[in-house]
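# Commentary on secondary and tertiary structure
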Amino acid sequence: MPFLFLLYFSDKMTISLNWLKAYLDIHLDPVRVGEVLTELGLELEGMEEIESIKGGLRGVVVGHVLECGRHPNADKLSVTKVDIGAGAPLGIVCGAPNVAAGQKVLVATVGTTLYPLGSEEPLVLKKAKVRGEESEGMICAADELGLGEDHSGILVLPADTPVGMPAAEYFKVEKDVIYEIGLTPNRSDATNHVGVARDLAATLRINYGHTGQLCLPSVEHFAVHNHELPIEVQVDNTDACPRYAGVCIQGVSIGESPDWLKNRLASIGIRSINNVVDITNFILHELGQPLHAFDYDAIAGRKVIVRTLPEGTPFQSLDEVERKLSAEDLMICDGNSGGMCIGGVFGGLRSGVKDSTRNIFLESAHFNPKFIRRSSMRHNLRTEAARVFEKGSDPNIALYALQRAALLICELAGGRIASEVIDLYPNPVQPKAVTLRNDHISRLIGIDISREEIFAILDVLDMPRVAETADTITVTVPTNKSDVLREADVIEEILRIYGFNKVPIPAQIRTAAAEAPKPDPFQIRNAVGDYLAAAGFNEMMALSLSESRFYKEILPTVADEELVYINNTSNVYLDIMRPTMLFSALEAAVHNQNRRQTDIRLFEFGKTYRMKGEGIAEHAHLSLLLAGNRAPESWIEKPQRSVDFYTLKTFVVNILARLGANAYQESPVDNAAFAYGVRYHRGERILAELGKVAGPTAQAMGLKSEVFFADIRWDALMDAVAKQKINYREVGKFPSVRRDLALIVENSVKFSDIAAIAGKAGKGLLKDVNLFDVYENEQAVGKGKKSCAVSFVFEDAAKTLQDKDVEKIMDQLIREYETKLGALIRR
């Protein structure tokens with residue numbers, strides 16, 4: 001049975017306190033509300049007080065223009081006397097062409113800070129002289145107050161507006177508190193204001209004595225007015241689109257949204273577009289149900305088809321970009337199979353709502369998160385709708401959201417429902433039943449919670465009990481909680497509402513002294529890391545996640561059934577746990593090369609993961625990567641020498657020697673990742689593989705130079721080290737003796753073959769053997785042959801070696817080389 005890993009990364013969401021209060025009577029102060037949200041698992045990352053008009057119009061009042069005359073020193077200026085209801089009338093110089101005596105106007109008094117539209121800097125009013133005339137304030141235009149873009153003249157208010165009334169009161173400036181929440185992908189129920197209000201209501205009732213209920217907008221007045229806009233819907237892919245609902249609305253008037261709607265959207269950073277589009281955005285953030293409005297008259301054949309289109313089909317999206325579709329993109333098409341919208345992701349230019357639109361088809365659907373995530377990532381369209389669908393929208397709210405939006409459109413855009421509601425839902429999603437065990441609740445939470453408290457929490461969470469025994473409780477989980485699937489998930493929900501802070505911290509912490517294992521893996525790892533860092537390497541830390549396409553398209557050396565697939569809700573491309581260390585290192589190399597860092601030395605301690613039977617095999621590795629030059633550019637060393645296979649081999653051999661793993665066999669590497677290389681092993685157990693990264697792999701990854709890579713099997717190496725006995729010997733007191741040999745051998749003969757024979761012949765006297773020169777010349781040494789110059793160093797710990805002792809060993813070596821390697825000794 002395959003394993004599935006769930007990885008949670010936080011996603012930011014903005015919540016308005018005023019918006020929450022539309023559904024729930026909240027008696028806590030804003031700071032405490034933020035704390036409660038964090039206690040509920042909706043971690044507060046920021047909190048800000050805002051006003052519907054920046055600056056709140058403080059210092060701006062209604063004034064009455066008593067006098068208005070021409071400025072003596074400027075033709076385009078007027079000198080006015082304005083009564084603001086406090087003290088003597090103010091003398092104000094005004095440049096607006098429409099100012100006149102008798103008007104009721106808005107006056108910004110001295111000391112007021114204004115935030116004009118289009119200006120980055122605020123304006124602080126001071127008493128000033130304008131062409132010789134004193135001005136004690138400013139009569140304001142709409143843009144100067146941040147009320148609109150009009151600067152053609154001052155704002156003139158109705159004649160009955162009370163003098164001295166604060167502008168904030170006249171324009172009903174709203175104050176609000178905005179919370180920025182770090183929302184984890186498993187909280188699909190909290191992507192909207194109603195979802196957050198539902199959570200707040202639950203904890204307020206359990207922990208704060210709150211008796212109020214969540215007040216949701218009613219749709220009982222939804223009714224079909226006529227059937228003048230017929231529409232047919234066909235869903236060809238019910239796996240990608242389990243539910244599709246829609247309705248036609250006739251006679252809408254596209255225009256500006258009312259202030260309350262614009263303020264709601266502006267509070268969470270959404271710009272108003274028009275009344276219909278604003279309503280769909282409002283419903284998205286109110287209920288967590290993405291909607292899409294199509295221009296009904298642009299739907300060919302009066303038919304909507306939900307299907308995929310052939311690979312490479314062009315589609316022009318709302319941002320006027322032509323995109324090439326994938327055969328896996330779910331499309332909302334018209335009757336001619338023309339794409340109107342990438343389902344759940346982004347709309348099309350041709351069928352979108354325009355100023356001239358009079359009839360619309362309103363869509364409310366539930367899409368499979370996998371299809372949405374892939375299309376969203378594929379086209380780099382990270383829309384709010386896509387984010388909601390990716391987390392898992394509630395399929396059973398689609399119809400309510402559709403009716404709620406349709407009623408708002410009729411109210412704010414003057415439309416009429418002109419078709420029956422179409423609701424294609426062939427396989428309704430049912431609430432999932434989960435059984436809780438009493439002992440598991442206590443064990444996971446850490447304390448005993450009474451059965452009555454558990455029942456109360458389940459009630460406020462809308463999880464009805466369907467069966468009970470003395471030891472278990474079976475509940476059904478509402479479909480808006482798409483990630484609550486297991487017993488542990490429901491227990492976590494209970495704990496969230498009960499309160500993490502109510503679980504007591506133990507008064508005692510008990511621990512036991514532990515002896516570090518020998519050898520200590522931590523110390524060994526540090527020693528190797530220090531060695532590599534001293535040699536100029538940089539330690540890298542890559543994700544344990546990787547892309548399956550690497551192992552399917554670039555280097556298909558790992559069977560698909562060995563790959564550990566994950567449900568990564570944040571990045572659909574990182575869909576597996578890495579089975580090798582190679583691609584993590586190559587991606588880091590490409591990243592550096594793209595930033596002109598060409599001399600690269602990287603190492604990483606990490607793990608790989610593969611399916612093995614019913615479980616997952618997890619192994620530790622040390623990877624090394626080299627590219628570029630051996631040393632930084634310098635006048636001393638010219639020309640620059642590039643790293644090569646032997647540069648890497650030196651580091652690997654030194655690591656093995658440093659850990660005492662000297663006894664191993666060497667074989668040619670048998671790995672498609674390498675163009676050539678070697679494998680160090682003990683029998684069947686591999687200690688390390690290293691070599692030059694194969695050309696096709698390097699090219700597919702976008703590498704700009706030769707790259708050399710080593711994979712040291714850290715687990716195997718630790719086992720070898722654990723069995724290695726450390727022997728001590730004193731520094732030799734007697735001189736060593738060196739002898740050199742030049743051997744002509746076949747090109748197939750390796751230095752390891754020469755060294756192995758020397759080790760056996762030299763017994764305890766051979767201290768070192770080294771290859772210090774290789775010469776190849778067909779005329780001098782023969783075709784297919786090479787001359788190897790090898791040095792041998794001998795030493796006896798008990799006495800000074802005599803020439804005859806050394807010559808005896810050298811004679812034996814020569815015979816062995818001639819017999820076993822077919823060597824010709826150059827004398």
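Just above, that's the structure.
This report concerns the structure included in the present document.

The rules behind these values
In this convention, every chain numbers its residues from 1, walking through the sequence in written order. Local features are withheld for residues below a pLDDT of 70 in this predicted model, meaning they are given only at 70 or higher, and side-chain atom pairs are given and counted only at 80 or more; totals for whole chains, interfaces and linings count all residues. Side-chain descriptors were evaluated using all non-hydrogen atoms of the structure, hydrogens and water having been removed beforehand. A run of DSSP states H or I qualifies as a helix once it reaches four residues; a run of E qualifies as a strand once it reaches two. Both are numbered from the N-terminal end. Here the radius of gyration uses the C-alpha set of atoms, whereas the globule reference equals 2.2 Å times the residue count to the power 0.38. Three labels apply to residues, based on accessible area from a 1.4 Å probe with only protein chains included: buried if under 20% of the type maximum, exposed if over 50%, partly exposed otherwise in between. Using the Shrake-Rupley algorithm and a 1.4 Å probe, accessible areas are obtained, with residue cover drawn only from the displayed protein chains. In this analysis, strands are considered paired if DSSP registers two or more bridges between them. Between rings of Phe, Tyr and Trp, where Trp is taken as its six-membered ring, a pair exists when centres lie within 6.5 Å; planes separated by under 30 degrees are stacked, by over 60 edge-to-face, and by other angles tilted. Any Lys NZ or Arg CZ that is within 6 Å of a ring centre and within 35 degrees of that ring's normal is treated as a charge sitting over the ring. We define a nonpolar core as any set of buried Ala, Val, Leu, Ile, Met, Phe, Trp, Tyr and Cys residues linked to one another through side-chain atoms lying within 4.5 Å. Note on contacts: a residue pair is in contact if any heavy atoms of the two residues lie within 4.5 Å. Salt bridges, as used here, are contacts in which a Lys or Arg side-chain nitrogen is within 4 Å of a carboxyl oxygen on Asp or Glu.

On a plain count of helices and strands, the protein chain comes out with 22 helices and 43 strands. Taken over C-alpha atoms, the radius of gyration comes to 39 Å for the protein chain, far larger than the 28 Å a tight globule of 827 residues would show. Along the longest, intermediate and shortest principal axes, the C-alpha atoms of the protein chain span 125 × 85 × 70 Å. Residue burial in the protein chain is summarised as follows: out of 827 residues, 48% are buried. Accessible area for the protein chain stands at about 41600 Å²; split by element, carbon and sulfur atoms hold 50% of it.

Pairing is mixed in the open sheet, where five strands are placed in the order 15-18-21-22-23. Each edge of the open sheet carries a strand with a single partner, namely strand 15 (232-235) and strand 23 (346-347). Pairing analysis gives four bridges linking strand 18 (residues 303-308) to strand 21 (residues 330-333), with the strands arranged antiparallel. Bridge pairing links Ile305 to Cys333 in strand 21.

A word on the packing of aromatic side chains. The geometry of an aromatic ring pair is captured by two quantities: the separation of the ring centres and the angle between the planes. Scanning the model with the defined rule gives 15 aromatic pairs in all. A ring pair is formed by Phe603 and Phe605, whose centres lie 6.0 Å apart and whose planes are at 90°; its orientation type is edge-to-face. The residues Phe603 and Phe605 share a single accessibility class, namely buried. The structure contains a cluster of three or more aromatic residues connected by ring pairs, namely Trp19, Trp260 and Phe282. Over the aromatic face of Tyr498 sits the side chain of Lys502, whose NZ or CZ is 4.2 Å from the ring centroid. The ring of Phe772 has Arg738 lying over it, and the distance from NZ or CZ to the ring centre is 5.3 Å.

All right, on to the nonpolar core then. Val196, Leu200, Ile249, Ile283, Leu362, Ile409 and Val490 are the most contacted members of the largest nonpolar core, which totals 81 residues. Among the elements that make up this core, the one with the highest residue count is helix 10 (residues 398-413) (nine residues). Aside from chain neighbours lying at most four places away, what touches Ile409 is Ile249, Val252, Val276, Ile279, Ile360, Leu362, Gly414 and Gly415. One finds Cys241, Tyr296, Met340 and Phe389 within the second-largest nonpolar core, a separate group that totals 35 residues.

The next point concerns the pattern of salt bridges. Inspection of every chain in the model, using the stated rule, returns 47 salt bridges. The salt bridge involving Glu232 is made with Lys303; its shortest N-O contact spans 3.9 Å. Within this pair, whereas Glu232 is found in strand 15, its partner Lys303 is found in strand 18, the two being separated by 71 residues in sequence. Measuring nitrogen to oxygen at the nearest pair gives 3.3 Å for the salt bridge that ties Glu689 to Arg713. Placement of the pair is Glu689 in strand 38 (residues 685-693) and Arg713 in strand 39 (residues 707-713), with a sequence separation of 24 residues. Linked through salt bridges whose partners overlap, the residues forming this network are Arg187, Asp189, Asp199, Lys481, Glu493 and Arg496.

Keep in mind that these numbers describe shape and distance, not what the molecule does.
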